[in-house]
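# Close look at the chain arrangement
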Amino acid sequence: MRLLIVEDESDLRLALSMALAEEGYALDTAEDGREGLYKALNWDYDAIILDLMMPEMDGWEMLERLRKEKHTPVLVLTARGELDDRVRGLDLGSDDFLVKPFEMEELSARLRAIIRRAAGKSTSVLYLRNLEVDTARKTVRVGGKPIALTAMEYALIEYLMMHCGKVVTRIDLYEHLFDEQDDSLSNVLDVHVCNLRRKLGIDCIRTRRGHGYILER
């Protein structure tokens, strides 16, 4: 999953980036609302973490302008917990609200929840026949047996499971699994798919030639 962090406090932006990268997210960052809006409109993110009080363009304006064109899940961060702020944020289209200071564990759980809701999933554990993907614990089981995956292999199967039954294009996978700094070779995706098929079972991921990949229900 690929996230955009829009936060003008450099220490917090770095801390969030490091913590979420350890959880396997691909991450882009922006220092103000103007840069954040540009990136949010030009790339497809699985979720955006948005601070409200920023220079150039604040979070309120960025959220309002974003919602005119996209429905990317947005988790708003604010140093103020007043009811009026929460109501305004929700009315402008935010998906959730978190007041500073916060615990990373709660932020991570809220992120997972808004990403799940956007994908139409109601729980953190996803099933497909004998395949089980726990998006909270970042674990995968086949027939009840734990399967050891690399961070990228897990990110790939999680994304496919979130879109189970739909063809996911190679472009979609590159945009959602790699950040703007990644310069991976074009065949890296094929390598990860091949490894997943070997570990999970060759029939798990089907190729639709000329289109992409699908987990068939």
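Not measured: the values here are computed from a predicted model. Throughout this description, residue numbers start from 1 for each chain and increase along the sequence as written. Totals for whole chains, interfaces and linings use all residues, but because this is a predicted model, local features are given only for residues with pLDDT of at least 70 and pairs of side-chain atoms are given and counted only at 80 or more. For side-chain calculations, the full set of non-hydrogen atoms in the structure is used, while hydrogens and water are omitted.

### A few points about unusual backbone geometry
- Across the junction of K100 and P101, the peptide omega takes the value -10°, indicating a cis bond.
- For P101, the position within the fold is in the loop between strand 5 (96-99) and helix 5 (104-118).
- Even without a glycine there, the phi angle at R129 is positive, about 50°.
- In this description a helix means any DSSP run of H or I spanning at least four residues, a strand means any run of E spanning at least two, and both kinds are numbered starting from the N terminus. Looking at the secondary structure, you find R129 in the loop between strand 6 (125-128) and strand 7 (131-134).
- Unlike most non-glycine residues, K138 shows phi in positive territory, near 60°.
- Its location among the elements puts K138 in the loop between strand 7 and strand 8 (139-142).

### Some remarks on the pattern of salt bridges
- Any carboxyl oxygen of Asp or Glu within 4 Å of a side-chain nitrogen of Lys or Arg constitutes a salt bridge here. Overall, the coordinates contain 18 salt bridges when judged by the stated rule.
- Here K100 makes a salt bridge to E9, at a shortest N to O gap of 3.5 Å. Highlighted residues: K100 in the loop between strand 5 and helix 5 and E9 in the loop between strand 1 (2-6) and helix 1 (10-22), separated in sequence by 91 residues.
- Put simply, R34 and E56 hold a salt bridge, and the shortest N to O gap is 3.7 Å. Within this pair, whereas R34 is found in helix 2 (residues 33-42), its partner E56 is found in the loop between strand 3 (47-51) and helix 3 (59-66), the two being separated by 22 residues in sequence.

### Let's talk about the nonpolar core
- Joining through side-chain atoms within 4.5 Å is the link that ties buried Ala, Val, Leu, Ile, Met, Phe, Trp, Tyr and Cys residues into a set, and such a set is a nonpolar core. Only protein chains enter the area calculation, which uses a 1.4 Å probe; residues under 20% of their type maximum are buried, those over 50% are exposed, and those in between are partly exposed. By size, the foremost hydrophobic cluster in this structure holds 47 residues, and its most contacted members are L107, L111, L131 and I157.
- Among the elements that line this core, the one with the most residues is helix 6 (residues 151-162), at eight residues.
- Contacts are assigned to residue pairs that have any heavy atoms within 4.5 Å of one another. Those residues within four positions of I157 in sequence are excluded, and the remaining contacts are L131, V133, V140, L149, L196, L200, C204, I205 and L215.
- Grouped together as the second largest cluster of nonpolar side chains are 19 residues, A40, L52, M62 and V74 included.

### As for the sheet that holds strand 10 (residues 168-169)
- Ordered in space as 10-12-11, the three strands form an open sheet in which the pairing is antiparallel. Each edge of the open sheet carries a strand with a single partner, namely strand 10 and strand 11 (206-208).
- Strand pairing requires that DSSP identify at least two bridges connecting the strands. Sheet analysis places strand 10 next to strand 12 (residues 212-214), joined by two bridges and oriented antiparallel. The partner of T169 across the bridge, within strand 12, is G212.

### Considering the packing of helix 7 (residues 170-177) against helix 8 (residues 188-200)
- Every angle, taken between N-to-C directions, lies between 0 and 180 degrees, and every axis is a line fitted to C-alpha atoms, over only the stretch in contact when it is a helix. Interaxial distance between helix 7 and helix 8 falls to 11 Å at its minimum, and their mutual angle equals 90°. Overall, the two elements helix 7 and helix 8 adopt an arrangement that is roughly perpendicular. Contacts between helix 7 and helix 8 involve R170, L173 and Y174 from the first element and V188, L189 and D190 from the second.
- Asp, Glu, Lys and Arg are counted as charged, while Ala, Val, Leu, Ile, Met, Phe, Trp, Tyr, Cys and Pro are counted as nonpolar; the rest, among them Gly, fall into the polar class. Taken together, the residues of the contact of helix 7 with helix 8 break down into four nonpolar, no polar and two charged. We call two directions roughly parallel when the angle between them is under 35 degrees, roughly antiparallel when it is over 145, roughly perpendicular when it lies between 65 and 115, and oblique otherwise.

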